[in-house]
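So you can see what is in the structure, the chains are spelled out below.
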Amino acid sequence: MRRVNSLVSCRGNPLVSCRGNPLVSCHGSGLLFSSYSTSSSGEVKSSFNQLVKTRRFDSVWPRTKVGLFQVPQLTSPEGFRATRDHAIEEGWRLLDAAASVEPGEETIMLFDELSDVLCRVADLSDFIKSSHPDEEYAEAAAETHLSIGTMVEELNTNTKLFTALQRVTDDPTVRNKLDDETRTVADLFMADFEISGIHLEATRRQKAVELHERLLQLLGEFMQTAHQPVQLPNNYVPESMLHCFPRVDDDHVLMRGLHYDNPNEDVREFAYKVYYHNNQQIEDLLSKLLSTRYEVAQLLGYSSYSERALSSLTIDNPSTVLDFLLTLSKKLKPHADSECDVLRKLKASDFDARRSRSDILQPWDVPLYTARQRAEISSVDHSQLSQYFSLGDCMEGLNNLFQSLYGVRFSPTKTERGEVWSDDVIKLSVMQSSNNAVMGYIYCDFFQRSGKPQQDCHFTIRGGRRLRDGSYQLPVVVLMLNLNRPSTYKPTLLSPITMGNLFHEMGHAMHSMLARTRYQHVTGTRCATDFAEVPSILMEYFVNDSRVLRSFARHHQTGQPISDEMLQEMRQSNPVGSAFETQTQVYYSIMDQVFHGKFDGSVSTNQILKQIEKEHACVHAVDHGSWHHRFAHFAAYGAKYHAYLVSRAIASRIWTSCFQQNPFDSEMGAKYRREMLQHGGGKHPIKMYESMLGEEFDVNNLVDTLVNDLHVSK
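Attention in this report is confined to the structure presented alongside it. Here the structure is a predicted model, which is why all the values come from computation and not from measurement.

Some details on the pattern of salt bridges
Item 1. A full pass over the atoms with the stated rule returns 35 salt bridges.
Item 2. Note that Glu90 and Arg93 form a salt bridge whose closest N and O atoms lie 2.7 Å from each other. Taken together, the positions of Glu90 and Arg93, both in helix α2 (residues 79-100) and 3 residues apart, correspond to about one turn of that helix.
Item 3. Close ionic contact of Glu106 with Arg468 constitutes a salt bridge, the shortest N to O distance being 2.8 Å. Within this pair, whereas Glu106 is found in helix α3 (residues 105-131), its partner Arg468 is found in the loop between β9 (465-466) and β10 (472-473), the two being separated by 362 residues in sequence.
Item 4. By relative accessible area, which is 49% here, Arg468 ends up partly exposed.
Item 5. Salt bridges sharing partners connect three or more residues here, namely Glu265, Arg268, Lys347 and Asp365.

Side note on the pairing of strand β7 (residues 438-447)
Item 1. Across the 10 residues that make up β7, a large majority, 9, are buried.
Item 2. Of the strand pairs in this sheet, strand β6 (residues 426-432) and β7 are connected by 6 bridges, and their pairing is antiparallel. What sits directly across from Met431, in β7, is Val438.
Item 3. Two elements, β7 and strand β11 (residues 476-483), share 6 bridges in a ladder whose sense is parallel. When the bridges of β11 are listed, Asp445 appears paired with Met480.

A few points about the sheet that holds strand β2 (residues 230-233)
Item 1. The strand order across the open sheet built from 3 strands is β2-β4-β3, with neighbouring strands paired in antiparallel fashion. The sheet terminates laterally at β2 and β3 (247-249), the two strands that pair on one side only. With strand direction ignored, the average angle separating the axes of adjacent strands in the sheet is 35°.
Item 2. Both β3 and strand β4 (residues 252-255) contribute to a ladder of 2 bridges, which runs antiparallel. The residue bridging Asp249 from the neighbouring strand is His252, located in β4.

As for the environment of Gln73
Item 1. Checked against the element boundaries, Gln73 lands in the loop between α1 (43-49) and α2.
Item 2. A residue is classified by how much of its surface remains accessible, and Gln73, at 33% relative accessible area, is partly exposed.
Item 3. Put simply, Gln73 and Ser433 are 360 residues apart on the chain and 33 Å apart in space, counted from C-alpha to C-alpha.
Item 4. Those residues in contact with Gln73 that sit more than four places away from it in its chain are Gly79 and Thr83.

Considerations on the environment of Ser47
Item 1. If you trace the backbone, Ser47 turns up in helix α1.
Item 2. The class of Ser47 is buried, set by a relative accessible area of 18%.
Item 3. Note: C-alpha distance between Ser47 and Leu428 (381 residues apart in sequence) is 9.9 Å.
Item 4. With sequence-adjacent residues up to four places away left out, Ser47 is seen in contact with Pro412 and Ile426.

A look at the side chain of Gln585
Item 1. Mapped onto the elements of the fold, Gln585 is located in helix α20 (residues 578-595).
Item 2. Side-chain polar atoms of Gln585 contact the side chain of Tyr641, separated by 2.8 Å.
Item 3. Those residues in contact with Gln585 that lie beyond four places of it in its chain are Tyr641 and Leu645.

Quick notes on the pairing of strand β5 (residues 408-413)
Consecutive residues of a regular strand have side chains that alternate between opposite faces of the sheet.
Item 1. Counting buried positions along β5 yields 6 of 6 residues, so the element is predominantly enclosed.
Item 2. Where burial is concerned, the two faces of β5 agree: the one with Val408, Phe410 and Pro412 and the one with Arg409, Ser411 and Thr413 are both buried.
Item 3. Relative to β6, β5 runs antiparallel, the two being bridged by 6 bridges. Within the sheet, the bridge partner assigned to Thr413 lies in β6 and is Lys427.

Description of the nonpolar core
Item 1. Among the nonpolar cores identified, the biggest contains 146 residues, and Met395, Phe410, Ile442 and Phe446 are the most heavily contacted of them.
Item 2. Of all the elements, helix α23 (residues 643-659) adds the most residues to this core, at 10 residues.
Item 3. Not counting residues within four places of it along the chain, the set of residues in contact with Met395 comprises Val44, Phe48, Phe410, Leu428, Phe446, Leu502 and Met506.
Item 4. In terms of nonpolar packing, the next biggest core, distinct from the first, is built from 32 residues, Ala87, Ile148, Val168 and Val174 among them.

Looking at empty space enclosed by the protein
Item 1. Applying the stated criterion across every chain yields a total of 5 cavities of 30 Å³ or more.
Item 2. In this structure, the largest cavity occupies an estimated 50 Å³ of space.
Item 3. What lines the largest cavity is simply Phe402, Tyr406, Met506, Gly507, Met510, Pro535, Leu538, Met539, Tyr672 and Leu677.
Item 4. Among the residues forming the lining of the largest cavity, the class breakdown is 9 nonpolar, 1 polar and no charged.

Some points on the packing of aromatic side chains
Item 1. Tallied over the entire structure, the rule returns 35 aromatic pairs.
Item 2. Measuring from centroid to centroid gives 5.7 Å for Tyr587 and Tyr588, while their planes differ by 40°, and the two rings are tilted.
Item 3. When its relative accessible area of 7% is taken as the criterion, Tyr587 is described as buried.
Item 4. A centroid spacing of 5.9 Å and a plane angle of 85° characterise the contact between Trp627 and Phe631, whose relative ring orientation is edge-to-face.
Item 5. The class for Trp627 is buried, based on a relative accessible area of 10%.
Item 6. Pairwise contacts between aromatic rings join Phe222, Tyr587, Tyr588, Phe595, Trp627, Phe631, Phe634 and Tyr641 into one cluster.
Item 7. Across the ring face of Tyr441, the terminal group of Lys427 is positioned such that the distance to the ring centre comes to 4.8 Å.

What counts and what doesn't
Residues numbered from 1 in each chain as written. Predicted model: local features only at pLDDT ≥ 70, side-chain atom pairs only at ≥ 80, totals over all residues. Heavy atoms only, no water. Salt bridge = Lys/Arg side-chain N within 4 Å of Asp/Glu carboxyl O. Helix = DSSP H or I, 4+ residues; strand = E, 2+ residues; numbered from the N terminus. Buried < 20%, exposed > 50% of the residue type's maximum accessible area, 1.4 Å probe, protein only. Pairing = 2+ DSSP bridges. Axes fitted to C-alpha atoms, helices over the stretch in contact; angles between N-to-C directions. Contact = heavy atoms within 4.5 Å. Polar contact = N/O pair within 3.5 Å; in protein donor to acceptor, adjacent residues only side chain to side chain. Core = buried A, V, L, I, M, F, W, Y, C linked by side-chain atoms within 4.5 Å. 1 Å grid on protein atoms, 1.4 Å probe; cavity = no way out; pocket = protein on both sides within 12 Å on 5 of 7 lines; lining within 4 Å. Points joined across faces, edges and corners; volume = space filled by probe spheres on them. Nonpolar A, V, L, I, M, F, W, Y, C, P; charged D, E, K, R; others polar. Phe/Tyr/Trp six-rings, centres within 6.5 Å; stacked < 30°, edge-to-face > 60°. Lys NZ or Arg CZ within 6 Å of the ring centre and 35° of its normal.

So, in structure tokens, the structure goes:
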């Protein structure tokens, strides 16, 4: 049983993906997703450009409260307890059924139902605890999430459940009767068990439990310290900079992060050196985290933590992953160095003009000079560009694109009282255009509010699966952005970057909507981590295509289409710094692989990083600095940070081979839906890749694709 985590995808980072964490409703749970939906030309646009509040009429014509996501019990915070208790009771019943049934397909179906029962409560609670503006709801959801998580940990060490699964996976006669997807799901459940060490003899199993508990504690501590601000006495801060940092009290200021965009070089340098100052306590904590992961891996029979972490990925061998990264670095770094040379010249020109006290490009300079270079290349004012990208037009553009590619459309759908956590959440039914069948639901939580997480994310609320009566449990997701609300006279306007984020997250949503797997454990984005970002990154290629932009970009006041000149200038500014950015990701990924190799703590992470930096970094860090102490991705993506690079290479090959010639190609869209999207994680990624592209999966091709992308974009 997969440990309870939120299924969250964040642009620019690998997907935080875990199988077995869907939710909201099962067949017979009482969910009512039957509110009416209509769709007509321009309705999607108007739904997002003109928010209509219906709840103000509730006092005149009160409506029955249906509960969050139409879960009947969740009309109040107290309902979380009832929902939790029912899930736990049903979970133990399904466990007994799975343990007593004749080994075979029915065993795996019961395992999946058990996972579904727990996860539709866990994932809903996980979302609500971080996103609901009412503290009582958030606290009740957090308690429920913790309770379900505790039960999942118990199930992971339940020998009765493990034996039931073992009778399926270890018996060739039983195993050979399973279809491919059922075998895949059975193997994934078994892998989850073995990660807990349940297959070990009693003494070693107890050791594994203790190590996992220690890891959870270390991970929590590291995440906390990685984001912890630095409190400084005023006398440690140059007087001229005191106004740059918020005050804690009369005697202290607080540094919450870097000040890369500050035009004052001294402020940028001071912030960088203080925030990334080498801290021996954090070094000891990170060293313990890495060495404990290595110890766990050895106990479970792996040569390294990386080998354990990669076992279910597209590229499942640590040496192959490292070869991929080293080869990519060798081919990419000259291009990245060339981009850095341009930034060095900009810094030198500031020095010559006495606008800088040094002509050496430092790490705290890179973002500022990259932005300056982008501004020099493109004369387009991004505030002017945004006039052509109202949120409604962008959503209408996505709607038309998906109709062309997949034969599905968005239908704005009325929400019932109590169904959503904020009045400005917009619900979309995703419908098959040919027969108006509902494929799933997307809740669009797009607008800023106090206390809302400041990140663009995709949350799976309920995973799709085939039900016993032959019907399909429809997927439900939330897309979260942080946009300004539209006003009476002006719609929400998106910058090119924000528009790219929207398309990226919608790629995840359509992966969830169009998957039609038998089991929720492998539905949609519940696939290999280095494959899960493929649909979202592919959408970035669409949003950067002039033909796609022309199809919807209109001035929000005049209706005038965006000009070819503006599109060309947008295209010119996009690749600025792309080689440096990609090389930085490669550098981080190499560090991640080395740290999760045979790390026993005998050598400090600083010493290891120095050598990696020397060979693979374009701009070297300063002495006495330890930026990696704040690299929180170690916690969530240990040994998997490279996943985004693999996904980007695969997405690029799909774009070039299938959609570059015609981004609205319905035949190719149908093939992509059939060969890739509908399978989720139920089919091995390499098989999906090869059936889609008609070529053998070759890591060297992925390297060349990422390098060639730089030339094409420029």
